[in-house]
Amino acid sequence: MESRYKSYHSIEKLPELVGETVTINGWVHNITGKGKLQFIQMRDGSGFVQCVVFKGNVSEEVFEQCKQLAQEASVSITGTVRAEERSATGVEVDVQSVRIWQIPTEQYPITPKEHGIEFLMEHRHLWLRSTRQHAIMRIRAAVAKAIRDFFDGNGFKLQDSPILTPNACEGTSTLFETKYFDLGNAYLSQSGQLYAEATAMALGKVYTFGPTFRAEKSKTKRHLTEFWMVEPEMAYFDLNDDMDLAEDLVEYIVQYCLQTCQRELAVMGRDISKLEKVRRPFHRMSYTEAVEWLNANNVKLNKKNEDGTETQYDFPWGEDFGAPQEEAIMSQFEKPCIIHRYPTEVKAFYMKRDPENEKVVMAMDMLAPEGAGEIIGGSQREDNHDLLLERILHEQLPQEAFQWYLDLRKYGSVPHSGFGLGLERTVKWISGAEHIREVIPFPRMIYRIVP
Ligand code: 4AD
Ligand code: MG
């Protein structure tokens, strides 16, 4: 039997079907009418199209039915696709028949007028239907697909890391804790990396791609408590290989979005010329060079005194960069910039110390332009058992819980590297969305868990 869904047409495919009779399943985005004409703005998730109901073309009954339609009514419309120069998609549909699934039982709460952000967030389950949100979600899907295509096409194997874990990966201050039967406490994973290191030793080149959790106290436009991260991990890769791979990946994602999301980027009013410049090679500088640049350019560090006044300091070597430093550094660039070799003290325990300078680790962060900030954090990993143990003890981490991780340094340890790219940070940058809460279907933040 011919499957039912195959006879349906998605709106995005209509320009290829001019002259044909189609059935589209969707929702009424807007409806206007005058006299013998009704204009139904339809959306089906793939796009928007205007459907024109002319009284002379349909039965009296169908015309009357259409008059009852309201925003978000669910309908299937059958009609003929007609080329229409004035339409953004180049087509309209001349309606022949309409099947109404539901007329909203109450007035739809989100209207074309302006709504406050709190109202929209409370109605996130409905807000996702709006034009901009819909465009962002399609860009998000494209970024995720580009990521998978890139890794699958380059010899990587997808290996999922667990979400319930017995220990911290990225520092204990942002851990979500939960009870785990008789085994004590478990923590929601902050990163799939440690497990990816194990699977990389089994499969060579792997990537893990899933949700990660940070009990972040930060209320910024760039922080979520639940976000998606893709983490490649590669045996026999050093820091340079790692940075090369990160550049290849980001170039691929941006170019893929430029090719496949033109309509969505236009809805967002995104300046495409900025994205077109995202081509390898990106900029690179060491942390030490970045500090020298900040001080040479008079970018001071503001610190509050006890009496409430502020003093400006030269940026001290050894301190981590915050948003003001990152923004200042990026103001000179149109392409992403990788900053590498950060001070050991500000980075995670698993990073390998630079054999040429004990004070820094073989870490790298990729900062994106246009104020987007850090999108990637990565490093070469400590592959020496004793040095790694020393770092675990120094950080006062529970040695027991890391025994399996230390084992990887006992049985055929090799240089290896990896990084994590935040999906939402990347989508925010590419789409040009205002705030990170708009780039994940249901954002989780300190002050929001509903809907
Ligand atoms: O720099 P991070 O903390 O690195 C790691 O977790 C490593 N274990 C990754 C690895 O080497 N496999 O996080 C990586 C990226 C950041 O660059 C950022 O894009 C994103 O994850 N990220 C967040 N995104 C949204 N909200 C937050 N609270 C985020 N914290 C990190
Ligand atoms: Mg980081």
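Quick notes on the rules
Residues numbered from 1 in each chain as written. Chains lettered and ligands numbered in written order. Predicted model: local features only at pLDDT ≥ 70, side-chain atom pairs only at ≥ 80, totals over all residues. Heavy atoms only, no water. 1 Å grid on protein atoms, 1.4 Å probe; cavity = no way out; pocket = protein on both sides within 12 Å on 5 of 7 lines; lining within 4 Å. Points joined across faces, edges and corners; volume = space filled by probe spheres on them. Nonpolar A, V, L, I, M, F, W, Y, C, P; charged D, E, K, R; others polar. Domains from an automatic or database assignment. Contact = heavy atoms within 4.5 Å. Buried area = accessible area lost by both parts, 1.4 Å probe. Salt bridge = Lys/Arg side-chain N within 4 Å of Asp/Glu carboxyl O. Helix = DSSP H or I, 4+ residues; strand = E, 2+ residues; numbered from the N terminus. Buried < 20%, exposed > 50% of the residue type's maximum accessible area, 1.4 Å probe, protein only. Pairing = 2+ DSSP bridges. Near = heavy atom within 4 Å. Polar contact = N/O pair within 3.5 Å; in protein donor to acceptor, adjacent residues only side chain to side chain. Areas by Shrake-Rupley, 256 points an atom, 1.4 Å probe, with all protein chains shown as cover. Sits in = over half its atoms within 2 Å of the grid points. Core = buried A, V, L, I, M, F, W, Y, C linked by side-chain atoms within 4.5 Å. Axes fitted to C-alpha atoms, helices over the stretch in contact; angles between N-to-C directions. Arc of directions from axis to C-beta.

Asks: Would you mind going over empty space enclosed by the protein in detail, with residue names and values included?
Replies: Taken as a whole and judged by the stated rule, the model has three cavities of 30 Å³ or more. One number sums up the size of the largest cavity: a volume of about 70 Å³. Lining of the largest cavity is provided by Thr165, Asn167, Ala168, Cys169, Leu175, Leu188, Ser189, Gln190, Ser191, Leu194 and Tyr195. In terms of residue class, the lining of the largest cavity is made up of six nonpolar, five polar and no charged.

Asks: An account of the domain arrangement of the protein chain is requested, with residue identities and associated values reported.
Replies: By the assigned domains, the protein chain splits into domain 1 (11-102) and domain 2 (124-438). The distance between the C-alpha centroids of domain 1 and domain 2 comes to 45 Å. Each partner contributes to the interface: domain 1 provides nine residues, whereas domain 2 provides five residues. Of the roughly 640 Å² buried where domain 1 meets domain 2, counting both sides, 45% is carbon and sulfur surface. Broken down residue by residue, the surface that domain 1 buries against domain 2 is led by Arg43, Gly45 and Phe48, which jointly contribute 48%. For the interface between domain 1 and domain 2, the tally reads three salt bridges.

Asks: Talk me through the layout of surface pockets; I want residue IDs and the actual numbers.
Replies: If you add up the space inside the largest pocket, you get close to 1100 Å³. For the largest pocket, the lining is made up of 47 residues, of which Glu170, Arg214, Glu216, Lys347 and Glu374 are closest to its centre. Secondary-structure elements contributing two or more residues to the lining of the largest pocket are strand S11 (226-235), helix H10 (323-330), strand S19 (373-380), strand S20 (416-422) and helix H13 (423-431). The biggest single contributor to the lining of the largest pocket is S19, with five residues. Here the residues of the lining of the largest pocket sort into 21 nonpolar, twelve polar and 14 charged. Around the second largest pocket, the lining is made up of 20 residues, and of these Ile110, Thr111, Pro112, Ser130 and Thr131 lie nearest the centre. Of all elements in the fold, only strand S1 (21-34) and helix H4 (131-152) reach the threshold of two or more residues within the lining of the second largest pocket.

Asks: Which residues make up the pairing of strand S2 (residues 37-43), and what values do they have?
Replies: Most of S2 sits out of view: five of its seven residues are buried. Both S1 and S2 contribute to a ladder of seven bridges, which runs antiparallel. Residue pairing in the sheet places lysine 34 in a bridge with leucine 37 of S2. Between the end of S1 and the start of S2, which pair antiparallel, lie two residues, with glycine 35 showing a positive phi angle near 55°. A loop of four residues connects S2 with strand S3 (residues 48-54), the two strands running antiparallel in sequence, and glycine 45 in this loop sits at a positive phi of about 95°.

Asks: Quick rundown of the site of ligand 1? Include the residues and the values.
Replies: Near ligand 1 lie 24 residues; those nearest to it are Glu170, Gln193, Arg214, Glu231 and Glu374. One of the side-chain nitrogen or oxygen atoms of glutamate 216 is found 3.3 Å away from a nitrogen atom of ligand 1. Here a nitrogen atom of ligand 1 sits 2.7 Å away from a polar atom, N or O, in the side chain of glutamate 231. Protein chains bury 94% of the 630 Å² of accessible surface belonging to ligand 1 in isolation. Placement of ligand 1 is best described as lying within the largest pocket. Of all the elements in the fold, those that place two or more residues in the shell around ligand 1 are S11, S19 and S20. For the shell around ligand 1, the leading source of residues is S19, giving five residues.

Asks: I'd like a description of the pairing of S19, backed by residues and values.
Replies: Of all the eight residues making up S19, six are buried; the element is thus mostly covered by neighbouring parts of the structure. Counted along the chain from strand S18 (residues 363-368) to the antiparallel partner S19, the turn is four residues long, and its residue glutamate 370 has a positive phi close to 60°.

Asks: Give a detailed account of the nonpolar core, specifying residues and quantitative values.
Replies: In this structure, Val250 and Ile430 are the most contacted members of the largest nonpolar core, which totals 63 residues. Look past the residues within four positions of isoleucine 430 in its chain and what remains in contact with it is Ile139, Val143, Ile253, Val254, Cys257, Leu265, Arg270 and Leu275. In this structure, Tyr287, Tyr342, Val361 and Ile392 belong to the second largest nonpolar core, which totals 34 residues.

Asks: Break down the sheet that holds S19 for me, citing the residues and quoting the values.
Replies: Reading across the sheet, the eight strands line up as S6-S10-S11-S20-S19-S18-S15-S12 and stay open at both edges, with mixed pairing between neighbours. A strand with exactly one partner marks an edge of an open sheet, and here the two such strands are strand S6 (157-158) and strand S12 (283-286). Alignment of strand S15 (residues 337-340) against S18, held across four bridges, turns out to be antiparallel. Counted as the bridge partner of histidine 340 is methionine 364 from S18. Running at roughly 30° to S11, helix H5 (residues 193-203) makes contact with S6, strand S10 (205-213), S11 and S20 of the sheet.

Asks: Please give an account of helix H9 (residues 287-296) that cites residues and values.
Replies: Along H9, the residues that are buried comprise Tyr287, Ala290, Val291 and Leu294. For H9, the angular spread of the buried residues around the axis is 100°, confining them to a single face. The outward face of H9, more than 90 degrees from its buried face, is lined by the exposed residues Glu292 and Ala296. Looking at the buried positions of H9, the neighbouring elements they touch are S12, H10 and S15. Looking one or two places after H9, you find asparagine 298, whose phi comes out positive at around 60°.

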